[in-house]
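Reading the structure
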Amino acid sequence: MENEFYTDEFEQLLKEKADQFSMYPSKRVWHSIYNNLHPSRRWPSVVISLFFISSLILIGYLNTGENSITRQINSNSNISTSFVSEKASPEKISRKPEVVTYSKTTQQPELQYNNAFADVITNETDFYAYTVVKSNMPVYLSATTASTDIKTIPETLETINNPGDIVQTVNTYIRSNQIFADIAVINKKNKTTIAKSSVNSNTENMIVSNNTDPVKSPAADEANTLLNPAGNQTNTGLAKLNAPKENADAPGNEDKRAVTNEEKAWMENYAFQNKPVAKKWKGRLGYQVYVTPAVNYRKLTTKVKGSATPFAQGDINHSISQKPGFGFEAGVGLNYAVAKRLLVKAGVQFNYTNYNIAADRATHPITTTILLNDPATGYSYSSARTSTTSNTFNAAPARPVTLHNRTYQVSLPVGFGYKLSSQDNVEWFAGATLQPSYYFGGKAHLISTDLKSYVSDPSSISSWNLNVGIETYMNFKLGTYNFQVGPQVRYQVNSTYKRDVALIEKPYAIGLKFGLTKGF
Amino acid sequence: MTEELMLSGCLRNNATAQEALYNRFSPRMLGVCYRFAKNREDAEDMLQEGFIKVFSQMHQYRNEGALEGWIRRIVVHTCINILKKNKKFSDSIDITNAHSIHIREEMIPSIMQAKQVVECIRSLPLGYKTVLNLYAIEGYSHKEIAFMLDIEESTSRSQYTRAKSMLEEILIRKKIIQKPKKKTNFFGAV
């Protein structure tokens, strides 16, 4: 590198080196551009997404071997339509002024507008119809109430403002360094008197309502210097704003009512200095409500030691007639975005699981046994029970009955979501949760040792368990809300039954999750 | 594919031509975005948005200058617009206590060869590096920068002076450049 170094050479060096510098973008960038330019010919990533979701559903189907649920699973496939999105323009919608009309009434105006209406309304029964325009666009307010001086929302005011109405600023606030205002249009008979009195209150409303004196703030002074190097402009602007406006109201002085550059500069400065302190967690934290209708399946195995019973011969799932049942999960939770693509989540969830068993009702109770394991030795033994239902496998039931193995659970899911891709207002996430669960109720029908009967024994359900949820979903941004939809698989890690039961039941559920999220 | 073919293809919304144009200019444009961005991922987002604008505004290109220059201006403006959406940017561009910012050794990336100057630029505070990028590298005037960033022209000048000074310090400490020798006359230092 050069030993001799001068300023112009320095800039030249920077430019040369910066121009030499190049990087190769990832393929994702071109795919996104391609999808944006050719929405009718989406990149194969959408096909891959569809394939991924379809695979999940197919896996669930193949694991059951029950053709009866085909239609239920197929009905879930309509989620594929959610991949195609139209380019929305929420900004345009949200920037429309909100117009609220209050008809002539004896009711008082809204409490927040009372001060503003104090000049207009002289006695308690003297209320008038009025319209409030809640502007969603920044405005520069002049020190008058003339509607022509209110910027950015003239179209709206033209439609509601009749000659003789009073246009009054009733509420001002600062958002994103800009001043917003709610404007009231009041239908009043005596326009001359009222219009004059409302002029001063307008200015007071705008500045004094915050109970702060921005001129005295050292920070404000510092910024004044920055924005106005001359140093004397800001105070002049403020002085003009606070000064009595009688001259401005004088005939022929209408031009002076317009916002001057000094006033504008002061307002910008004021807004800059008084912006709300940003909370780091705000914008990252959101709450979610969701519900997941699901189809419940189960896998039965046995844990037998030292006992030659039918339990130990072959797959027990092939010895009973069982069908999946419908269940659901519903919960609320908090999502926190720890990185641009990663969010962590926690919440509380209610789960209802249901599984169906086809059985035959017995004419009278019969004695049978269920197989239990000795907690101390691990050896299996038969325990006597009574039963009123029998297994119908490979036999036509005389009095068919459906037994429901149900559980009611409360879970505390903790997990994460990862954004796989995004486009416009649609995002694709994948995530997983661990769900410590408390089982506070349910029904359990255990197959007997000889596989001929069912024994009802709710006390065999273990109180605590752990579930794992795996999900992928599309997130649609709809204004301030986010709507999620996508398939979810929930798997129970440990057996539904207590450790001394030789049957091991591990249910899993495949469902479609619908969620609604809103940021704080 | 020649530039004329690419242009005519892009005007017809031909995907092959668009991809060819993208492949030709995207590496350098990503380098531009990277100097403005916080990290590579943000730079790629800027690049993506920039190229979408390029393709959608292709009909406005009049063949009156280099195509790369035209694309570059769109990409730079896209970067600035994205930065301006970020709240931190508006806070950092009007730094009044810039003199209190000190570059610590660990803040300077330890890298070698081609990227070193760019990485040193990127290690500057956001407001500094933006003005420095626009003025020294992209060739915008302070007046244009003031308009683009909604700041005073004098603010742009002072930001640039401080940015340059800070960058010099970094480059000297990284031994990428050496301190300029003080000019002397017969009686000593000037």
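Residues numbered from 1 in each chain as written. Chains lettered and ligands numbered in written order. Predicted model: local features only at pLDDT ≥ 70, side-chain atom pairs only at ≥ 80, totals over all residues. Heavy atoms only, no water.

**Here we look at the overall build of chain B**
Scanning chain B from terminus to terminus reveals nine helices and two strands. Across the 190 residues in chain B, those meeting the buried criterion constitute 49%. For chain B, the proportion of contacts with a sequence separation of at least 24, taken over those separated by at least 6, is 65%. (Helix = DSSP H or I, 4+ residues; strand = E, 2+ residues; numbered from the N terminus. Buried < 20%, exposed > 50% of the residue type's maximum accessible area, 1.4 Å probe, protein only. Contact = heavy atoms within 4.5 Å.)

**Concerning the confidence of the model for chain B**
Residue and element names in this part refer to chain B. Overall, the prediction assigns chain B a mean pLDDT of 80, with 78% of residues at 70 or greater. In the model of chain B, strand S2 (residues 188-189) stands out as the element of lowest mean pLDDT, 44, in contrast to helix H3 (residues 40-56), which has the highest, 91. This stretch, residues 184-190, has a pLDDT under 50; its non-local contacts, to residues over four places away or in other chains, come to five contacts. Here the complex is predicted with pTM 0.40, and the ipTM for its interfaces comes to 0.74. (pLDDT = per-residue confidence, 0-100.)

**Considerations on the confidence of the model for chain A**
Residue and element names in this part refer to chain A. Per-chain confidence: chain A averages 69 in pLDDT, with 52% of residues scoring 70 or above. The secondary structure element of chain A with the lowest average pLDDT is helix H8 (residues 191-208), at 31, and the one with the highest is strand S15 (residues 481-492), at 93. Within the model, the stretch residues 65-95 combines pLDDT values under 50 with 40 contacts to residues more than four positions away or in other chains.

**Regarding helix H1 (residues 3-11) of chain B**
Residue and element names in this part refer to chain B. When we look at burial in H1, the residues that qualify are Met6, Leu7, Gly9 and Cys10. Seen end-on, H1 carries its buried residues on one side only, within an arc spanning 165°. More than 90 degrees from the buried face of H1, the exposed residues found are Glu4, Leu5 and Leu11. Against the buried residues of H1 lie helix H2 (15-36), H3 and helix H4 (67-85). Asn13 sits one or two positions beyond H1 and adopts a positive phi of about 60°. (Arc of directions from axis to C-beta.)

**Comments concerning the pattern of salt bridges**
Under the definition given, this model contains 22 salt bridges over all chains. Note that Lys15 of chain A and Asp19 of chain A form a salt bridge whose closest N and O atoms lie 3.4 Å from each other. Of this pair, Lys15 of chain A and Asp19 of chain A both sit in helix H1 (residues 7-20), four residues apart, roughly one helical turn. Overall, the relative accessible area of 34% leaves Lys15 of chain A in the partly exposed class. Judged by relative accessible area, which is 22%, Asp19 of chain A ranks as partly exposed. Glu505 of chain A serves as the salt-bridge partner of Arg298 of chain A, at 2.7 Å between the closest nitrogen and oxygen. Of this pair, Arg298 of chain A sits in strand S5 (residues 285-302) while Glu505 of chain A sits in strand S16 (residues 503-519), and the two are 207 residues apart along the sequence. The exposure classification of Arg298 of chain A matches that of Glu505 of chain A, with both residues buried. Salt bridges sharing common partners tie together Arg28 and Lys340 of chain A together with Arg40, Asp42, Glu44 and Asp45 of chain B. (Salt bridge = Lys/Arg side-chain N within 4 Å of Asp/Glu carboxyl O.)

**So, the pairing of S16 of chain A**
Residues and elements named next belong to chain A. Summarising the sheet, S5 and S16 pair through 15 bridges and their orientation is antiparallel. Residue pairing in the sheet places Ala294 in a bridge with Gly511 of S16. Relative to S16, S15 is paired through eleven bridges, and the arrangement is antiparallel. The residue of S16 that forms the bridge with Gln488 is Gly511. (Pairing = 2+ DSSP bridges.)

**A look at the pairing of strand S14 (residues 464-478) of chain A**
Across 13 bridges, strand S11 (residues 426-443) of chain A lies against S14 of chain A in antiparallel orientation. Pairing of Trp428 of chain A across the sheet is with Met474 of chain A, part of S14 of chain A.

**A look at empty space enclosed by the protein**
Residue and element names in this part refer to chain A. Evaluated as defined, the whole model comprises nine cavities of 30 Å³ or more. Each pocket or cavity is described by its volume, and for the largest cavity that value is around 130 Å³. Looking at the lining of the largest cavity, the elements that each hand over two or more residues are S5, strand S7 (342-373), strand S9 (400-411) and S16. Looking at the second largest cavity, its volume works out to about 110 Å³. For the second largest cavity, the lining is made up of 16 residues, of which Gln288, Tyr290, Lys345, Pro413 and Lys513 are closest to its centre. Every element with two or more residues in the lining of the second largest cavity is listed here: S5, strand S6 (322-337), S7 and S11. For the lining of the second largest cavity, the per-class residue count stands at five nonpolar, eight polar and three charged. (1 Å grid on protein atoms, 1.4 Å probe; cavity = no way out; pocket = protein on both sides within 12 Å on 5 of 7 lines; lining within 4 Å. Points joined across faces, edges and corners; volume = space filled by probe spheres on them. Nonpolar A, V, L, I, M, F, W, Y, C, P; charged D, E, K, R; others polar.)

**Overview of the packing of helix H2 (residues 27-37) of chain A against H3 of chain B**
In contact at an axis separation of 9 Å, H2 of chain A and H3 of chain B are set at 35° when each is read in the N-to-C sense. Once H2 of chain A is placed against H3 of chain B, the crossing between them reads as right-handed. Residues Arg28, Val29, Trp30, Ser32, Ile33, Asn36 and Leu37 of chain A of H2 of chain A pack against Glu41, Glu44, Asp45, Leu47, Gln48, Phe51, Ile52 and Phe55 of chain B of H3 of chain B. (Axes fitted to C-alpha atoms, helices over the stretch in contact; angles between N-to-C directions. Left-handed = near helix turned anticlockwise from the far one by under 90°.)

**Observations concerning the packing of aromatic side chains**
In total, this model carries 16 aromatic pairs over all chains according to the counting rule given. Aromatic pair Phe429 of chain A and Tyr473 of chain A: ring centres 5.3 Å apart, planes at 10°, arrangement stacked. Placement of Phe429 of chain A in strand S11 and of Tyr473 of chain A in strand S14 is noted, with a sequence separation of 44 residues between them. In this structure, Phe429 of chain A and Tyr473 of chain A share a single accessibility class: buried. These aromatic residues form a ring-pair network of at least three members: Trp30 and Tyr34 of chain A together with Tyr22, Phe51 and Phe55 of chain B. Between the NZ or CZ atom of Lys513 of chain A and the centre of the ring of Tyr290 of chain A, over which it lies, the distance is 4.3 Å. Positioned above the aromatic ring of Tyr481 of chain A, the side-chain terminus of Lys518 of chain A is 5.6 Å from the ring centre. (Phe/Tyr/Trp six-rings, centres within 6.5 Å; stacked < 30°, edge-to-face > 60°. Lys NZ or Arg CZ within 6 Å of the ring centre and 35° of its normal.)

**Quick notes on a nonpolar patch on the surface**
Residues and elements named next belong to chain A. A contiguous nonpolar surface patch, about 1000 Å² in accessible area, is contributed by Val289, Val332, Val348, Val410, Leu412, Tyr438, Phe440, Trp464, Leu478, Tyr481 and Leu516. Where the nonpolar patch is concerned, the elements lending two or more residues are S11 and S14. Checked against the element boundaries, Trp464 lands in strand S14. Look at Trp464 and you get exposed, because its relative accessible area is 59%. (Patch = residues over 30% accessible without salt bridge, like charges linked within 9 Å, V, L, I, M, F, W, Y side chains within 5 Å. Areas by Shrake-Rupley, 256 points an atom, 1.4 Å probe, with all protein chains shown as cover.)

**With respect to the nonpolar core**
Counting 68 residues, the largest nonpolar core has Leu21, Phe51, Phe55 and Ile71 of chain B as the members making the most contacts within it. Not counting the four nearest positions on each side in its chain, Ile71 of chain B is found in contact with Leu21, Phe25, Met29, Phe51 and Val54 of chain B. Core analysis: the second largest hydrophobic core is formed by 20 residues, Ile320, Ile357, Tyr439 and Val501 of chain A among them. (Core = buried A, V, L, I, M, F, W, Y, C linked by side-chain atoms within 4.5 Å.)

**Let's talk about the environment of Lys17 of chain A**
Residue placement: Lys17 of chain A occurs in helix H1. Apart from residues lying up to four places away in sequence, Lys17 of chain A is in contact with Val117 and Val118 of chain B.

**Section: the packing of H2 of chain A against H2 of chain B**
The N-to-C vectors of H2 of chain A and H2 of chain B enclose an angle of 145°; their axes lie 11 Å apart at closest approach. Handedness of the H2 of chain A/H2 of chain B crossing: right-handed. Across the interface between the two elements, Val29, Trp30, Ile33, Tyr34 and Leu37 of chain A from H2 of chain A touch Ala15, Gln18, Glu19 and Tyr22 of chain B from H2 of chain B. Looking at side-chain class alone, the contact of H2 of chain A with H2 of chain B contains seven nonpolar, one polar and one charged residues.

**Observations regarding the side chain of Gln488 of chain A**
Residue and element names in this part refer to chain A. Tracing the sequence through the fold places Gln488 in strand S15. Exposure remark for Gln488: the relative accessible area of 4% places this residue in the buried category. Engagement of the side chain of Gln488 in a polar contact is seen with the side chain of Glu471, the distance being 3.3 Å. Excluding residues that lie within four positions of it along the chain, Gln488 makes contacts with Thr292, Glu329, Ile470, Glu471, Ala509, Ile510, Gly511 and Lys513. (Polar contact = N/O pair within 3.5 Å; in protein donor to acceptor, adjacent residues only side chain to side chain.)

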